[in-house]
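One-letter residues, chain by chain:
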Amino acid sequence: MRFLFRRHCGIRTVQDTAPEPEKKPIQRLLSYETAYLQCLGSRERQEDAFSFVNESDVMEIKKNGLFAIVADGMGGMRGGQEASNLAVNVMCEDFVQWDRQKNITQQLVESVKHACDMVYEQVDGGGSTLVACILFRERLFFASVGDSYLYLLRNDE
């Protein structure tokens, strides 16, 4: 199983040319890899959906952040696949429209509510869990609805 993100710490040292050098603090920068793996599992059909926004454009990631989402259609419920696809699409479209100068957390909450409303209105009897995260300006923002999880891996733990 591959993780969506693998954290690496880049270490940059600064040398002082003064006669008695002072130790400078080490700056740790967040970096990551994106990957995905999807398989059918034990069910007859796949009801999960996932997406990235900006995963392959470093300049867009720096400017607007990296967005990742996984939605898990509720197994066995009618409309699970439709619900998970709709939730992913709504949240990706919302993310592109966000104002990066405003509160990212609040915009994420509003996007989750928007996706919930759209699934409720458009999918008869189906539902989805989801986990979404944004990496923006060296910070991680995330939302988890239902039993979908996000794991943070630090120092291989």
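See the structure printed just above.
**Q** What am I meant to see in the overall build of the chain here?
**A** When helices and strands are counted, the chain shows 3 helices and 6 strands. N-terminal to C-terminal, the α/β element order of the chain is β-β-β-α-β-α-α-β-β. Relative to its full complement of 157 residues, the chain shows a buried share of 34%. Counting only contacts in the chain whose residues sit at least 6 apart along the sequence, the fraction spanning at least 24 positions is 59%. Approximately 11,100 Å² of the chain is accessible, and the part contributed by carbon and sulfur atoms is 50%.

**Q** What is the right way to read the nonpolar core from this model?
**A** Nonpolar side chains in soluble globular proteins tend to be buried together. Core analysis: the biggest nonpolar cluster contains 27 residues, and F67, I69, M91, L108 and I134 have the highest contact counts within it. Sorting elements by how many residues they give to this core places helix α2 (residues 80-97) first, with 8 residues. When sequence neighbours within four positions are dropped, the list of residues in contact with M91 reads F67, I69, L108, S111, V112, A115, L130 and A132.

**Q** Quick question: what am I supposed to make of the packing of aromatic side chains here?
**A** Working definition: an aromatic ring pair is given by the centre-to-centre distance plus the angle between the planes. Taken as a whole and judged by the stated rule, the model has 2 aromatic pairs. When the centroid spacing of 5.2 Å and the interplanar angle of 70 degrees are considered together, the rings of F95 and W98 count as edge-to-face. For the pair formed by F95 and W98, the shared burial category is buried. An aromatic cluster is defined as three or more aromatic residues linked by ring pairs; in this entry it consists of F67, F95 and W98. When the ring centre of F95 is taken as reference, the NZ or CZ atom of R100 above it lies at 4.4 Å.

About the thresholds
- Residues numbered from 1 in each chain as written.
- Predicted model: local features only at pLDDT ≥ 70, side-chain atom pairs only at ≥ 80, totals over all residues.
- Heavy atoms only, no water.
- Helix = DSSP H or I, 4+ residues; strand = E, 2+ residues; numbered from the N terminus.
- Buried < 20%, exposed > 50% of the residue type's maximum accessible area, 1.4 Å probe, protein only.
- Contact = heavy atoms within 4.5 Å.
- Areas by Shrake-Rupley, 256 points an atom, 1.4 Å probe, with all protein chains shown as cover.
- Core = buried A, V, L, I, M, F, W, Y, C linked by side-chain atoms within 4.5 Å.
- Phe/Tyr/Trp six-rings, centres within 6.5 Å; stacked < 30°, edge-to-face > 60°.
- Lys NZ or Arg CZ within 6 Å of the ring centre and 35° of its normal.

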